[in-house]
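Here is how the chains run, residue by residue.
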There are 2 protein chains.
Amino acid sequence: MRKACVLGAGSWGTAQALLLSDNIDRVVLWGREEDGIESIKEERENKRFLPGIKLPSNIEISSDMAYALYDAELAIIAVPAQAVRGVVKSMAGYLEDKTYLVNTAKGIEIDTGMRMSQVVEDVLGGEIKSRFAVLSGPSHAEEVARKIPTVVTVASFKKETAFYVQDAFMTTYFRVYTNPDVAGVELGGALKNIIALAAGIVQGLNYGDNTKAALITRGLTEITRMGIALGGDARTFSGLSGIGDLIVTCGSRYSRNLRAGELIARGYSLPEVLDKIGMVVEGVYTTRIVYKLAAKMGIDMPITQACYNVLYEGKKPEEELNRIMSRQKKHEIEEIVNNIEGW
Amino acid sequence: MRKACVLGAGSWGTAQALLLSDNIDRVVLWGREEDGIESIKEERENKRFLPGIKLPSNIEISSDMAYALYDAELAIIAVPAQAVRGVVKSMAGYLEDKTYLVNTAKGIEIDTGMRMSQVVEDVLGGEIKSRFAVLSGPSHAEEVARKIPTVVTVASFKKETAFYVQDAFMTTYFRVYTNPDVAGVELGGALKNIIALAAGIVQGLNYGDNTKAALITRGLTEITRMGIALGGDARTFSGLSGIGDLIVTCGSRYSRNLRAGELIARGYSLPEVLDKIGMVVEGVYTTRIVYKLAAKMGIDMPITQACYNVLYEGKKPEEELNRIMSRQKKHEIEEIVNNIEGW
């Protein structure tokens with residue numbers, strides 16, 4: 001009997017439990033009592049986060065971490081980014097040597113600026129690296145749970161680990177690619193939240209499709225620039241965990257980052273916005289961390305800077321957009337020009 | 001008195017005349033009598049293609065090619081891709097040595113497989129290359145005409161030509177980047193029509209946002225692969241003329257390629273679809289040309305192949321999507337894996 005567990009019973013955790021239950025005999029979906037895990041257990045449905053989807057009988061529901069991790073060949077982290085350190089700490093005593101560990105939280109730890117793989121390694125030690133992977137890509141949980149065709153990427157330091165995770169998740173409606181670029185996949189998933197926030201602002205100002213497409217594209221250019229500086233591969237950012245995820249986020253009704261940007265554009269202050277949304281809006285924190293990092297490293301990130309100015313410096317979004325539009329004339333991609341004679 | 005002309009009085013040609021009229025003293029908008037140029041002249045408005053936008057007094061309307069080109073420092077080609085050769089032939093006798101020539105038509109010539117710059121060179125000779133540029137990017141004419149912030153790229157073989165065109169077009173609401181990669185910008189604009197057609201099919205089948213984002217991202221991967229083989233730079237495809245244009249096209253009510261895909265998905269035959277749309281659907285032809293090219297060159301383009309199978313081989317879209325989803329397991333980006341030890 002193969003067993004897996006999913007730690008975190010939100011919409012994405014529940015959808016992943018459903019996915020894994022197609023390929024693995026037993027799946028334990030773990031959550032805290034205070035997060036309503038008991039009602040999921042009773043109703044065999046996550047009515048709060050994934051209403052209308054019944055859980056098959058090979059998914060067990062538990063709030064017992066030891067029980068969830070016991071004899072599991074695979075454990076998935078599916079809590080918000082800022083909760084990852086806490087969950088990894090509480091799993092430390094129960095995680096078995098054989099268990100593969102997959103993170104699916106997107107973001108950078110606010111207090112440390114660490115990527116999620118760095119948080120995991122910080123808590124569990126370097127030995128975890130060979131069994132660690134990150135899964136990311138354009139994947140609304142609601143659609144995955146309804147078996148709508150979805151394609152993601154899984155990155156790991158070790159090929160065999162990536163292949164294992166690919167096999168565990170892959171079904172006829174969920175296709176998984178492998179990628180060795182852990183830093184790139186993690187950074188794409190985190191940095192895209194800044195651009196989603198900016199896209200929300202542009203949407204809230206009622207600009208057009210041209211403006212939003214340009215923002216996404218130039219946003220991709222600048223997060224790729226930072227991503228390379230932090231050790232990622234440019235091509236990963238143009239892949240599923242980068243532009244793919246950015247496209248789905250920027251077109252989504254579910255994205256908290258997009259929603260936060262819209263509210264900002266409509267004149268709400270940052271504390272009001274965070275209060276209204278009532279959950280962590282990753283892009284708000286990522287913007288601050290990355291703005292400071294870009295300044296320190298001398299990396300040009302005009303959209304991130306504009307977001308920072310709007311969120312933390314009280315600047316008007318319209319003025320920041322005007323400033324971006326009227327910056328000095330530039331080549332689209334400096335790196336291409338450098339290689340061409342006469343340019 | 002500086003003078004420019006725009007050849008082609010559709011929505012994009014008219015929007016470009018409006019743009020240029022901000023920076024250049026006189027702009028002649030040229031069109032054929034049979035295309036209703038006389039009514040634009042009388043009404044000072046392009047009621048058919050750009051209703052509600054009055055043309056300022058420094059835009060002249062003419063069906064006289066000699067008059068349009070006389071003493072022009074800049075001429076814009078704004079006709080459909082398959083009409084470019086005809087227009088360039090008819091301008092050949094009047095084009096002055098000093099005139100910069102900018103193509104804004106997107107597509108590949110059906111009969112020859114040529115890019116638009118190759119068609120222009122084929123008609124006018126190699127001397128035109130130093131004064132030729134291509135302008136491309138996410139730019140719905142309707143939004144540009146309403147002065148909604150828009151960002152595009154202009155590519156030329158010669159830096160000074162790119163800078164000249166950048167200056168001619170750039171305003172506070174229309175930002176222009178420069179790029180030396182003419183082939184990449186042209187190929188992005190042409191190949192994206194295949195992916196837009198595929199996105200239309202996915203939309204017509206009522207798949208979700210996950211599916212569409214994955215299709216766009218994996219579409220970008222395969223058109224980049226072909227684009228590199230044909231002489232473009234990978235980074236251009238992740239820029240404004242590639243992914244930027246693809247995003248705006250795939251989210252658009254105006255795109256003929258998207259619309260054609262939707263109709264195909266709903267069971268109409270290709271001739272019925274073309275009849276319904278009543279205009280050239282570039283992606284239909286580009287799919288055929290590129291499918292054959294990919295087969296000849298041994299380049300893996302699964303989405304293009306699926307489009308071809310649906311359009312020309314009578315295959316069902318659902319079956320083609322299933323085939324793509326269940327292909328053998330793959331690395332996301334082969335080129336990254338090649339450089340990493342142990343992978």
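Thresholds applied
Residues numbered from 1 in each chain as written. Chains lettered and ligands numbered in written order. Predicted model: local features only at pLDDT ≥ 70, side-chain atom pairs only at ≥ 80, totals over all residues. Heavy atoms only, no water. Salt bridge = Lys/Arg side-chain N within 4 Å of Asp/Glu carboxyl O. Helix = DSSP H or I, 4+ residues; strand = E, 2+ residues; numbered from the N terminus. Buried < 20%, exposed > 50% of the residue type's maximum accessible area, 1.4 Å probe, protein only. UniProt positions renumbered as here; feature names shortened; annotations may be inferred. Contact = heavy atoms within 4.5 Å. Polar contact = N/O pair within 3.5 Å; in protein donor to acceptor, adjacent residues only side chain to side chain. Least-squares fit on C-alpha atoms with pLDDT ≥ 70 in both. Pairing = 2+ DSSP bridges. Axes fitted to C-alpha atoms, helices over the stretch in contact; angles between N-to-C directions. Domains from an automatic or database assignment. Buried area = accessible area lost by both parts, 1.4 Å probe. Expected span 1.5 Å × (residues − 1). Bend = angle between axes of the 7 residues up to and from the residue.

Student: In this structure, what is going on with the pattern of salt bridges? I would like to understand it.
Tutor: Opposite charge on two side chains lets them pair, provided their charged atoms get close. Residues and elements named next belong to chain A. Within the structure shown, the criterion is met by 32 salt bridges over all chains. A salt bridge links Lys192 to Asp245; the shortest N-O distance between them is 4.0 Å. Of this pair, Lys192 sits in helix α8 (residues 182-204) while Asp245 sits in helix α11 (residues 240-250); the two residues are 53 residues apart in sequence, bridging distant segments of the chain. Side by side, Lys192 and Asp245 carry an identical accessibility label, which is buried. The shortest N-O distance in the salt bridge between Glu262 and Arg266 comes to 3.7 Å.

Student: Where do I start with the UniProt feature "binding site: substrate" (unreviewed entry) in chain A in this structure?
Tutor: Residues and elements named next belong to chain A. Using the residue numbers shown here, the UniProt feature "binding site: substrate" (unreviewed entry) corresponds to Lys106, Arg256 and Asn257. Sequence-wise these annotated residues cover 152 residues; spatially they are packed, their C-alpha atoms never more than 12.7 Å apart. Overall, Lys106 belongs to the partly exposed group, its relative accessible area being 24%. Setting aside residues up to four positions removed in sequence, Lys106 forms contacts with Ala81, Ser136, Gly137, Gly189, Lys192, Asn193, Asp245 and Glu282. Among the polar contacts made by the side chain of Lys106, one reaches the side chain of Asp245 at a distance of 2.8 Å. Take Arg256: it is sitting in helix α12 (residues 256-265). In this structure Arg256 comes out as partly exposed when scored by relative accessible area, which is 31%. Leave out the neighbours within four places in its chain, and Arg256 touches Ile277, Met279, Val280 and Val281.

Student: I would appreciate a short explanation of the relation of the copies chain A and chain B in the present structure.
Tutor: In this arrangement, two copies of a chain are superimposed by a rotation about an axis accompanied by a shift along the axis. Its rotation angle being 180°, the transformation that places chain A on chain B also includes 0.0 Å of axial translation and leaves an RMSD of 0.0 Å. Taken together, the turn and the small shift mark the pair as related by a two-fold rotation axis. For chain A, the residue whose C-alpha comes nearest the rotation axis is Ser238(A), separated from it by 3.2 Å. In this assembly the copies share their binding face: 100% of the residues contributing to the interface of chain A also contribute to that of chain B.

Student: It is not clear to me how the sheet that holds strand β4 (residues 74-77) of chain B should be interpreted in this structure. Could you clarify?
Tutor: Backbone-to-backbone hydrogen bonds join strands into a sheet, with any given pair of strands oriented parallel or antiparallel. All names here are of chain B. Reading across from one edge, β3-β2-β1-β4-β5-β6-β7-β8 is the order of the 8 strands in this open sheet, with mixed pairing throughout. With partners counted over all chains shown, the strands left at the sheet margins are β3 (59-62) and β8 (174-179), one partner each. Averaged over all pairs of adjacent strands, the angle between strand axes in this sheet comes to 25°, irrespective of strand direction. Inspection of the sheet shows β4 paired to strand β5 (residues 100-103) by 4 bridges, in the parallel sense. Pairing of Ile77 across the sheet is with Asn103, part of β5.

Student: Help me understand the domain arrangement of chain A, please; the structure alone is not making it clear to me.
Tutor: Interface size is often expressed as the accessible area that is lost when the parts come together. Residues and elements named next belong to chain A. When its domains are assigned, chain A resolves into domain 1 (3-180) and domain 2 (183-337). A C-alpha centroid distance of 27 Å is found between domain 1 and domain 2. Facing the 24 residues of domain 1 at the interface are 22 residues of domain 2. Regarding the contact of domain 1 and domain 2, the summed buried area is about 1900 Å², with carbon and sulfur atoms giving 69% of it. When residues of domain 1 are sorted by the area they lose upon contact with domain 2, Ile108, Arg115 and His140 head the list and together hold 29% of the total. Between domain 1 and domain 2 we count 2 salt bridges in total.

Student: In this structure, what is going on with unusual backbone geometry? I would like to understand it.
Tutor: The bulk of non-glycine residues show a negative phi, and the bulk of peptide bonds are trans. A positive phi angle is found at Asp71(A), which is not glycine, with a value near 65°. Tracing the backbone shows Asp71(A) in the loop between α3 (65-69) and β4 (74-77). Although it is not a glycine, Asn206(B) adopts a positive phi angle of roughly 60°. As for its position among the elements, Asn206(B) is in the loop between α8 (182-204) and α9 (209-229). You can call Asn206(B) exposed: its relative accessible area is 62%.

Student: Where do I start with the environment of His331(A) in this structure?
Tutor: Considering the arrangement of structural elements, one finds His331(A) in the loop between α16 (317-325) and α17 (334-337). For His331(A), a relative accessible area of 14% translates into the label buried. The contacts of His331(A), once residues within four sequence positions are left out, are Val337(A), Trp343(A), Phe163(B), Tyr177(B) and Thr178(B).

Student: Looking at this model, I keep getting lost on α8(B). Mind explaining?
Tutor: Helical periodicity: at 3.6 residues per turn, an α-helix aligns residues three or four positions apart in one direction. Residues and elements named next belong to chain B. Along its 23 residues, α8 runs 34 Å from first to last C-alpha, staying within 8% of the 33 Å computed at 1.5 Å per residue. The sharpest bend along α8 reaches about 25° and sits at Asn193. Most of α8 is tucked away: 22 of the 23 residues are buried.

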